[in-house]
Every structure is written in C-alpha cells, then in structure tokens.
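Report on the structure
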Amino acid sequence: MPTTSVFGAQWGDEGKGKLIDLLARDADVIVRYQGGANAGHTVVVGSEKYVLHLIPSGILHPGKVNVIANGVAVDPLKFLEEVEGLRARGVRVDGNGLKLSATAHVIFEHHRLIDQLSERWRGEGRIGTTGRGIGPCYADKAARTGLRVADLLDNSYCRTRLRAALAEKNALIERVHGERPLDLEGQLDRYTALAERLRPFVGDTGALVRAAAKAGKRILFEGAQGAMLDIDGGTYPFVTSSNTGANGIAAGASFPARGIERVIGIAKAYCTRVGEGPFPTEQDNPTGERIRKQGNEYGSTTGRPRRCGWFDAVAVRYALELSGADGWIVTNLDVLSGFPSVQAAARYRHEGQERRDWPAELPRLDGVEPLYQSFPGWTEDITRVRKYADLPAAARNYVEALEREVGAPILMLSVGPEREQVIPRGP
Ligand code: GDP
Ligand code: IMO
Ligand code: MG
C-alpha cells in the first residue's frame, strides 16, 4: 500500500471509520492529523460496534502503530476515557501501539466551556458545534496562548502557562458570559495529574512517521470531518477549525506533502450534515426523513439527528479536487434501496446561470439552486452483494452516473456498516 490519505468528501460522517479500519489491514501506521474528539468514527466488527473519537480507527488491528499527530486538538480526559473504554472491551492499547504527539495542542475544561458559551452568545447565528472545545483550542493555538502536550508534562512550566491562560479565560467567562469562573488551583492540580497518565504515549510523532516512510512502512492518514467543513475550503463560518483533507497532512502530521502517494475521498450515496450552515441538496421533508430513518442518521458523537439530502456532485467534485484525489469510495449505497426514484445534483443554477463549479465566491450560497437528475430506484436488499455485476441494474446505473458527474473513478462501494460489506468497483 502506498502512503495513503483517506478523507471525507462531504460534511463529515461519510463512513471514514469503517474504511480506515478496512484499509488498516494493509497498513503499518495509521495517523490522525487534525480535529479532535468532535469526530465520531464508527467501526463495526461482527456484533461489536466501536465509536472512535481521538484514537485512530486502526486500533482494532493488533500490531499496528496508531498516531495522534501534532495537528490534533487533544482533550486528555477524552483521550484517557477512550483508552480505558477500549481496554475494558479487551482491545490492547499501550504506548507501543498508540503514540501521542508532544506538540499537539491540549483542550482544557475552559475550552469546552467557552465553546458552549460562545454558541449561546451567537444565538441564531450559532454554528452547532459539538461542544468539544475544538474552536477555542485552535484559536489559542493561532493566538499563541495554547499549551501543548509537552508543556503539560513539564509541571512548573504548565502551571505558569495555564495560570496565565486561565486568568484571561476566567475574565471572559465571568465578565462577558456572566458565568462562574473556573477554580485556578483545582484546574492546575487536575491537569498536572492527568499529564502523568499521558506520559507513556507521548513522543515525536512527526519523526516517527517520517522514519516509517523512509523504512518503507505503509502509512494511512485518517481525515476527520469532511472537505465541506474545512476551515479554508468549506462553508465558512459553518465549518470546523482545521484542514480536513489531504491538505491538512503536511502541517498536521509534520509529514512532507510530496510524500503522499495516493489520495482517496469518501462520500455517501446521498448527503448528510450535522449542525448549522448551507446544505444545497438538503431535503427538509419526508424524503429527508426517510433517508434518516433508513440510514439511521444520528450523530456518532452528539446523537443529534443528521440533516439529510440527495447526493451533491458539485460539492464532491470540488472536495476531490481540493485534495487531488485519485478516486473515491461510495458508502451507504444500501440505504437507498426501496426509494421509487433517487436524485442527484450535478449542477447549480444561480442568477439564471447554470454552473458545475462550487460557488466559493458566494459566502452564503444564497439563491443557489441545485438542478437534479432523477434515476430509477431499486427495491432489492443489496447488503449481501459482493460483486459489482451482482448489483441491480438500476443501482449500477445510479453509481455510474455519480462517477461520471463527479469525474473521478469510484474505487469501491460500501453496502453496510460491517468490514466485509464492500464491493470492489468492477465491470
Ligand atoms: P465517519 O465519521 O465518517 O467515520 O462516519 P460515522 O461513523 O460518523 O457515520 C457513518 C455511519 O454509517 C456509522 O453508523 C457506520 O457504522 C455506518 N456505515 C458505514 N458504512 C456504511 C454502509 O455502507 N451502509 C450503511 N448502512 N451504514 C454504513
Ligand atoms: P466526523 O469525523 C460531522 C460539525 C459540527 C458543526 C461544525 C463545527 O465524525 O466526520 P466543531 O465541534 O468541530 O467546532 O463543530 O462541524 N462537525 C462534524 N460533523 N462529522 C464530524 O466528524 C464533525 N465534526 C464536527 O456538527 O456543524
Ligand atoms: Mg462521524
């Protein structure tokens, strides 16, 4: 397996966890490089379901090295909770198989609190964040007031930096938001104690991944969120605070961009979004409700019902282009079984003009109207199909239309949450 980037090509929850787990069989090192515990990556193995938030989705395969690189925003509480949760289920998790970057930024309780208070402050203009402290942590990173994992491990330095940070955050919490400030000493004690439990996992993950590549090891980069939630390329301000695609790897994993040999986007056969913000092909109607029901579309991290709609080839085409994808994988094709007809948009209409390109210059996507094509549906249960030729003709017809409109080869199709429920794209 060449050094591979796998990323979400929609608004998140495309099935990245399932595919990473599958591809991890042929990898040596699996690397998360951005985001944090806002992610919820589901892996189903037999009757067991795991939802991973911070730990890479390769962790269920023994003998692999799983890396949380410097670009990830790490909440030590969530990290340790996840480690313990996996151990309690018999998954081996130790400092050999799981590495945490010394220079990853730390999410503190004040980040989570300010995330939630800021959302309240925004009122109608809220983003609908996961409340995990992601935005405030990355804001502090950019403002150079954050603390990194290594800073946390240096007890006296941590106290100095955290004291300074908290003094400012407490003023914000108290004077702007009118809430009770956090107890400085309590927080200092709590986080310096947590630091000790992180220590066995901590190292220079950039050096590790670069050395692994030099030694010919197979590396798999696991994107979180999706291209349309990317802070630069997505539907700003309704985005997350990191670069979600292959574009985030160089900085987020301290791995040279030219070392990435293969890039794969993941997209559902329809589209979902959690939280606020533009979603051109949204079906806020019985069709969307039916997709939600058949696809069980509820957030893996927050449990919120996901907004559902038809496949948007304009968005996926743009997402694949941004990351220079070699191809893509369609997931959840099985969810569309039973619809009398299925639709997809490959063009938008805006001010009387038709366009195929993503309208990045329109900040709010106001007045953008997707132009749908309708395709005959299929009624067969396709969850047991393992050969492309065995799919119903109508399903193949739909898949081939998506492939044509997106303009990049489909490499594989997923027809259920389990590992073996995949179909290579064949003739
Ligand atoms: P991620 O964030 O991209 O890893 O995706 P999530 O785990 O948040 O959401 C994807 C959901 O769809 C999970 O419940 C998966 O178990 C499930 N899933 C993944 N692939 C398929 C598929 O091909 N068909 C169906 N029906 N479910 C799938
Ligand atoms: P995975 O990796 C879907 C969304 C939130 C919100 C916006 C900002 O499972 O695909 P944040 O907490 O990041 O500041 O929230 O981004 N969001 C996701 N939506 N899947 C995710 O991750 C998401 N992570 C964040 O709902 O709209
Ligand atoms: Mg998810």
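Check the entry above for the structure.
Predicted, not measured: the structure shown is a model, and the values here were computed from it. (Residues numbered from 1 in each chain as written. Chains lettered and ligands numbered in written order. Predicted model: local features only at pLDDT ≥ 70, side-chain atom pairs only at ≥ 80, totals over all residues. Heavy atoms only, no water.)

1. Quick word on the coordination of the magnesium ion (ligand 3)
- Distances from the magnesium ion (ligand 3) to its protein donors, namely Asp13 (OD) and Gly40 (O), fall within the range 2.1 to 2.2 Å. Of the two residues, aspartate 13 is situated in the loop between strand E1 (4-8) and helix H1 (16-23) and glycine 40 in the loop between strand E2 (29-32) and strand E3 (41-45); the sequence distance between them amounts to 27 residues.
- Taking relative accessible area as the criterion, aspartate 13 reaches 22% and is therefore assigned partly exposed.
- Judged by its relative accessible area of 11%, glycine 40 falls in the buried class. (Donors = N, O, S within 2.8 Å, 3.2 Å for Na, K, Ca; no water. Helix = DSSP H or I, 4+ residues; strand = E, 2+ residues; numbered from the N terminus. Buried < 20%, exposed > 50% of the residue type's maximum accessible area, 1.4 Å probe, protein only.)

2. Quick look at the site of ligand 2
- The environment of ligand 2 is made up of 20 residues, and the closest members are Asp13, Lys16, His41, Thr130 and Thr240.
- With respect to ligand 2, the backbone of glycine 40 contributes an N or O atom lying 2.9 Å from an oxygen atom.
- Separating an oxygen atom of ligand 2 from a side-chain N or O atom of histidine 41 is a distance of 2.7 Å.
- Starting from 550 Å² of accessible surface for ligand 2 in isolation, the protein chains cover 98%. (Near = heavy atom within 4 Å. Polar contact = N/O pair within 3.5 Å; in protein donor to acceptor, adjacent residues only side chain to side chain. Areas by Shrake-Rupley, 256 points an atom, 1.4 Å probe, with all protein chains shown as cover.)

3. Notes on the side chain of threonine 235
- Within the secondary structure, threonine 235 sits in the loop between strand E10 (219-222) and helix H9 (249-253).
- A polar contact is formed between the side chain of threonine 235 and the side chain of arginine 273, at a distance of 3.1 Å.
- Other than its neighbours up to four places away in sequence, threonine 235 contacts Trp11, Met228, Arg273, Pro278, Trp358 and Leu365. (Contact = heavy atoms within 4.5 Å.)

4. Re the packing of helix H3 (residues 109-122) against helix H4 (residues 134-143)
- Interaxial distance between H3 and H4 falls to 7 Å at its minimum, and their mutual angle equals 115 degrees. The handedness of the crossing between H3 and H4 comes out as right-handed. Between H3, through His110, His111, Ile114 and Asp115, and H4, the contact on the second element is made entirely by Ile134, Pro136, Cys137 and Asp140.
- For the contact of H3 with H4, the class distribution of residues is 4 nonpolar, 2 polar and 2 charged. (Axes fitted to C-alpha atoms, helices over the stretch in contact; angles between N-to-C directions. Left-handed = near helix turned anticlockwise from the far one by under 90°. Nonpolar A, V, L, I, M, F, W, Y, C, P; charged D, E, K, R; others polar.)

5. Describing the nonpolar core
- Within the largest apolar cluster, 57 residues are counted, with the highest numbers of intra-cluster contacts made by Phe311, Trp328, Leu333 and Tyr398.
- Counting residues per element, this core draws most heavily on helix H12 (residues 393-406), which supplies 7 residues.
- Of all hydrophobic cores here, the second largest spans 34 residues; its members include Ile59, Leu147, Cys158 and Leu188. (Core = buried A, V, L, I, M, F, W, Y, C linked by side-chain atoms within 4.5 Å.)

6. Brief notes about the sheet that holds E1
- The 10 strands are arranged E9-E7-E5-E2-E10-E1-E11-E15-E19-E20 in an open sheet whose pairing can be described as mixed. Looking along the sheet, the strands with just one partner apiece sit at the ends: strand E9 (202-203) and strand E20 (422-424).
- Looking at chain direction, E1 and E10 are connected through 3 bridges and run parallel. The residue of E10 that forms the bridge with serine 5 is phenylalanine 221. (Pairing = 2+ DSSP bridges.)

7. So, the site of ligand 1
- Around ligand 1, a shell composed of 18 residues is seen, among which Lys16, Thr42, Ser300, Asp334 and Ser414 lie nearest.
- Side-chain polar atom of aspartate 13 to an oxygen atom of ligand 1: 2.9 Å apart, as the coordinates give it.
- At 2.9 Å from an oxygen atom of ligand 1 is found a main-chain nitrogen or oxygen belonging to glycine 40.
- Looking at the shell around ligand 1, the elements that each hand over two or more residues are H1 and E3.
- At 3 residues, H1 tops the list of elements feeding residues into the shell around ligand 1.
- Of the residues assigned to the shell around ligand 1, the class counts are 3 nonpolar, 9 polar and 6 charged.

8. Some words on unusual backbone geometry
- Geometrically, the link from tyrosine 236 to proline 237 is a cis peptide bond, its omega value of 5 degrees lying close to zero.
- Among the secondary structure elements, proline 237 is positioned in the loop between E10 and H9.
- In this structure, arginine 144 is a non-glycine residue whose phi angle is positive, near 65 degrees.
- Tracing the chain through its elements places arginine 144 in the loop between H4 and helix H5 (149-153).
- At leucine 365, a position not held by glycine, the phi torsion is positive, near 55 degrees.
- Looking at the element boundaries, leucine 365 is found in the loop between strand E17 (353-355) and strand E18 (369-376).

9. Some points on the packing of aromatic side chains
- One pass over the full model with this rule turns up 11 aromatic pairs.
- Summarising the aromatic geometry, the rings of phenylalanine 108 and tyrosine 191 are spaced 4.7 Å apart at their centres and angled 65 degrees between planes, so their arrangement reads as edge-to-face. Residue phenylalanine 108 is located in the loop between strand E8 (105-106) and H3, and its partner tyrosine 191 is located in helix H7 (residues 184-198); the two are separated by 83 residues in the primary sequence. Summarising the burial analysis for this pair, phenylalanine 108 and tyrosine 191 share the class buried.
- Geometrically, the ring pair formed by phenylalanine 221 and phenylalanine 255 is tilted, given 5.2 Å between the ring centres and 50 degrees between the ring planes. A residue pair is termed long-range when its members are at least 10 positions apart, and phenylalanine 221 in strand E10 and phenylalanine 255 in the loop between H9 and strand E11 (262-268) qualify at 34 residues.
- Looking at phenylalanine 221, the relative accessible area reads 0%, which means it is buried. (Phe/Tyr/Trp six-rings, centres within 6.5 Å; stacked < 30°, edge-to-face > 60°.)

10. A closer look at the environment of valine 45
- In this fold, valine 45 is placed in strand E3.
- Filtering out sequence-adjacent residues up to four positions away, valine 45 remains in contact with Tyr50, Leu60 and Arg419.

11. What to know about the pattern of salt bridges
- All told, the structure shown has 30 salt bridges when counted by the stated rule.
- One salt bridge in this structure joins glutamate 14 and lysine 16, with 2.8 Å as the shortest N-O distance. Neither glutamate 14 nor lysine 16 differs from the other in exposure class; each is buried.
- Residue arginine 355 pairs with glutamate 361 through a salt bridge whose shortest N-O separation is 2.9 Å.
- Taking relative accessible area as the criterion, glutamate 361 reaches 51% and is therefore assigned exposed.
- Connected through shared salt-bridge partners, Asp13, Lys268, Glu297 and Arg306 make up one network. (Salt bridge = Lys/Arg side-chain N within 4 Å of Asp/Glu carboxyl O.)

These results come straight from atomic positions and should not be treated as a statement about function.
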